[in-house]
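The chain contents come next:
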Amino acid sequence: MIIFKKSIVFGGILLLVLVLTIEAALAQSRPTRQTREEYIERYKHIAIDQMERYGIPASITMAQGILESDCGNSTLSRSSNNHFGIKCKRDWTGEKVYHDDDEKGECFRAYPTVEDSYDDHAEFLDRQPRYDSLFVYASDDYHSWARGLKACGYATAPDYAERLVRIIEDAKLYLLDKPNGDNLYAQHRNEQKDPDAWFASQSSTNDHQASTGIDPDNYRVTINAHQGYNIYEQNEVYYILSKENDTFENIASKFMISARNLRKFNDLKEKDAQPMTDEVVYIERKKSRWKGRKEYHLCREGETPYAIGQRYGIRTRSIEKMNRLKGHEELAEGRKIRIK
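First, a word on what this report is: a plain description of the structure on this page.

So, the nonpolar core
Then comes step 1: One finds Met62, Tyr118, Tyr131, Leu149, Tyr154 and Leu173 to be the most contacted residues of the largest nonpolar core, which totals 48 residues.
Then comes step 2: Elements represented by at least two residues in this core include exactly helix H2 (36–54), helix H3 (58–69), helix H5 (114–127), helix H6 (142–151) and helix H7 (160–171).
Then comes step 3: Per-element tally for this core: the top contributor is H2, with eight residues.
Then comes step 4: The contact partners of Tyr118, leaving out residues within four places of it in the chain, are Tyr39, Tyr43, Ile46, Gln50, Thr61, Met62, Gly65, His83 and Phe84.
Then comes step 5: Counting 15 residues, the second-largest nonpolar core is a separate cluster that includes Tyr229, Ile251, Leu262 and Ala273.

Rendered as structure tokens:
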């Protein structure tokens, strides 16, 4: 009887070890999701090279790659190295894959490497007559390029231009469009990794009321959780970070509010606008001014009233009214913007 029990115990241990071994093997076999910053670091040099050769803003190339390939994590990009969603067209003689997009089983170009996809993207824009109008814009005018791509029919999403601009401004990709852009972007990344150094560089000994801003990536504290989302607070307003493939509709249903109100909370006028992965999404109405002690925000290069409003939990219109700004106005680096 004792021998029988020991054999059962020993068999149970072997089974447990086998299960744990299989789980470990499966975990190692699962592809690791590439982050946006890893994606940028891996391919930004190609985007800069193409900007110098073709005149396409590096920020636009990177933003399109991020959006179209989900930072290299989409099924299409992993199966065919197609990072820009370019379909076969009649003149394509290379490899092909079939993928559901606007219709089922559409033909997409397949490439030996990601670099080949980037090269074909630049050549595609350069040689297609319908994109000729884009090349009158400067290589640092990402706003006009984003609007132009949408107007020329590059994508069917109604808010395609807005999505590109939001990616560029959120990730500070416009730094890549400048002379010595690679180093400028590297400096920005180092400041993010060392927030104390960034705060020191932004502080003013002459004006202690100048705000250094708040970096939610470094100073984000979870205060609650709901339906699989961590809930954070900024300026006494609750927000979440959107997940992969999130829509305002599915977020709204989980928080029992309407998608229309969710877009209004985030100052988005486009009725078809959707959040990007890891984007700040306020789940209640933002405030009309900053509730903290600081009175001013010191602008970084390329910031807009919308970006400042999202950073501080303040309505965009309130930022514009307090500072007598026009809609979508770009703000000069170092400009002091009232937040209360």
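From this point, the narrative continues.
With respect to the environment of Thr247
Then comes step 1: Looking at the element boundaries, Thr247 is found in the loop between strand E6 (237–241) and helix H10 (248–254).
Then comes step 2: Classification of Thr247 as partly exposed rests on a relative accessible area of 26%.
Then comes step 3: The sequence separation of Thr247 and Ala259 amounts to twelve residues, and the corresponding C-alpha distance is 8.8 Å.

Looking at the side chain of Glu37
Then comes step 1: Tracing the chain through its elements places Glu37 in helix H2.
Then comes step 2: Reaching out from Glu37, the side chain makes a polar contact with the side chain of Tyr185 at a distance of 2.6 Å.
Then comes step 3: Those residues within four positions of Glu37 in sequence are excluded, and the remaining contacts are Tyr185 and Arg189.

About the cut-offs
Residues numbered from 1 in each chain as written. Predicted model: local features only at pLDDT ≥ 70, side-chain atom pairs only at ≥ 80, totals over all residues. Heavy atoms only, no water. Core = buried A, V, L, I, M, F, W, Y, C linked by side-chain atoms within 4.5 Å. Buried < 20%, exposed > 50% of the residue type's maximum accessible area, 1.4 Å probe, protein only. Helix = DSSP H or I, 4+ residues; strand = E, 2+ residues; numbered from the N terminus. Contact = heavy atoms within 4.5 Å. Polar contact = N/O pair within 3.5 Å; in protein donor to acceptor, adjacent residues only side chain to side chain.

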